[in-house]
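Architecture at a glance
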Amino acid sequence: MSRFSGKTVVITGGNRGIGYAMAERFASEDANVVIASIEEHVYEAADALVATGAKAKGFVCDVTNISQVKELYEFAAKEFGSVNISVQNAGIITIAKVEDLTEKEWDATMNVNTKGVFLCCQEAIRHMRGNGGKLINMASGQARDGFIYTPHYAASKFGVMGLTQSLAKEVALDGITVNAICPGIIKTDMWDYNDRVWGKMLGDFGPGELMESWVQNIPMKRAGEGRDVAGLVSFLASNDADYITGQTINVDGGLIMS
Ligand SMILES: NC(=O)c1ccc[n+]([C@@H]2O[C@H](COP(=O)([O-])OP(=O)(O)OC[C@H]3O[C@@H](n4cnc5c(N)ncnc54)[C@H](O)[C@@H]3O)[C@@H](O)[C@H]2O)c1
């Protein structure tokens, strides 16, 4: 019997990057996995998990759209009988000097990274009340320390920490835990974008050079992989973390120690 046998996990942004690494981890521990994403590629990603023997389904969902979010959790409950774990991972970033940052970028970033997390928590809680459950929200090192040229992203991730604490207090007596995590520098498509755009803005770094230089500030001297984040998420989703709630935990090789 594996840790997540009979448990159903919903992972937003689960078709690639950190989200897919989490999906692989939960699948390897026998969970029923529903990966949701705004991208059609979500079906291929689910099929790739099924090909390894996992129980996985894809679902196209924009986390900023309340009706689609409701449909996502209804789908998960109908397919697998319950929703026990929900990981609010979908996120976006843009990088721009303050005078160039558009209202559209601000709104999109807050909508996906903060409102999207809230809507998914709200719907997951409707399905978990009475049975308990685990919610894990994706924040960032930028919820600890806002980096340059990303005030909208930093605000959206600080927001995730606040809503995590508030919800954790509200649902504690329902046996539902709510925690947030702060990855540092993790190798994904998002970091390729960061490397390219911040790299140009901060000193004309070539491809990969900004990451290499920032990695020197990490005590462990390496960037993270999706599986490093998946290890923390699977712990927070397990019974070993039953007495942990309202916390925000860094997973960054020691980059930020607060
Ligand atoms: N990569 C890093 O270094 C890093 C560090 C800290 C935090 N994070 C956070 O981790 C999460 C995953 O990041 P990643 O690096 O894997 O990024 P990524 O760009 O590789 O993947 C982002 C995922 O979010 C999905 N998504 C975007 N908008 C969506 C929407 N409106 N509805 C549904 N899905 C949507 C995408 O389809 C994709 O699956 C994000 O919240 C990101 O902010 C990443």
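Everything that follows concerns the structure shown earlier in this document.
Since the structure is predicted, the reported quantities are computational estimates derived from the model, not experimental observations.

1. What to know about the pairing of strand β5 (residues 133-138)
- Most of β5 sits out of view: six of its six residues are buried.
- Residues G133, L135 and N137 line one face of β5 and the alternating positions K134, I136 and M138 line the opposite face, and both faces are buried.
- Both strand β4 (residues 85-88) and β5 contribute to a ladder of four bridges, which runs parallel. Its bridge partner being in β5, S86 is matched across the sheet by L135.
- Following the backbone out of β4, through helix α4 (residues 103-128) and into the adjacent parallel β5, one traces a crossover that is right-handed.
- Where β5 lies against strand β6 (residues 176-183), six bridges are found, and the strand directions are parallel. Counterpart to I136 in the pairing with β6 is N179.
- In this fold, β5 hands off to helix α5 (residues 151-171), which returns the chain to β6; that crossover is right-handed.

2. A short note on the pairing of β6
- Burial within β6 is extensive, with eight of its eight residues counted as buried.
- Going residue by residue along β6, you find I176, V178, A180 and C182 tucked away on one face and T177, N179, I181 and P183 tucked away on the opposite face as well.
- Here β6 pairs with strand β7 (residues 248-251) via four bridges, running parallel. Each bridged residue has a counterpart across the sheet, and for A180 the counterpart in β7 is T248.

3. Some words on the packing of helix α1 (residues 17-28) against helix α8 (residues 226-237)
- The N-to-C vectors of α1 and α8 enclose an angle of 55 degrees; their axes lie 8 Å apart at closest approach. Classified by the angle their axes make, α1 and α8 are oblique. Handedness of the α1/α8 crossing: right-handed. Where α1 abuts α8, its residues I18, A21, M22, R25 and F26 lie against G226, R227, V229, A230, G231, V233, S234 and A237.
- Residues that form the contact of α1 with α8 fall into these classes: eight nonpolar, three polar and two charged.

Rules used in this analysis
Residues numbered from 1 in each chain as written. Predicted model: local features only at pLDDT ≥ 70, side-chain atom pairs only at ≥ 80, totals over all residues. Heavy atoms only, no water. Buried < 20%, exposed > 50% of the residue type's maximum accessible area, 1.4 Å probe, protein only. Helix = DSSP H or I, 4+ residues; strand = E, 2+ residues; numbered from the N terminus. Pairing = 2+ DSSP bridges. Right-handed = clockwise from strand over helix to strand, strands pointing away. Axes fitted to C-alpha atoms, helices over the stretch in contact; angles between N-to-C directions. Parallel < 35°, antiparallel > 145°, perpendicular 65-115°, else oblique. Left-handed = near helix turned anticlockwise from the far one by under 90°. Contact = heavy atoms within 4.5 Å. Nonpolar A, V, L, I, M, F, W, Y, C, P; charged D, E, K, R; others polar.

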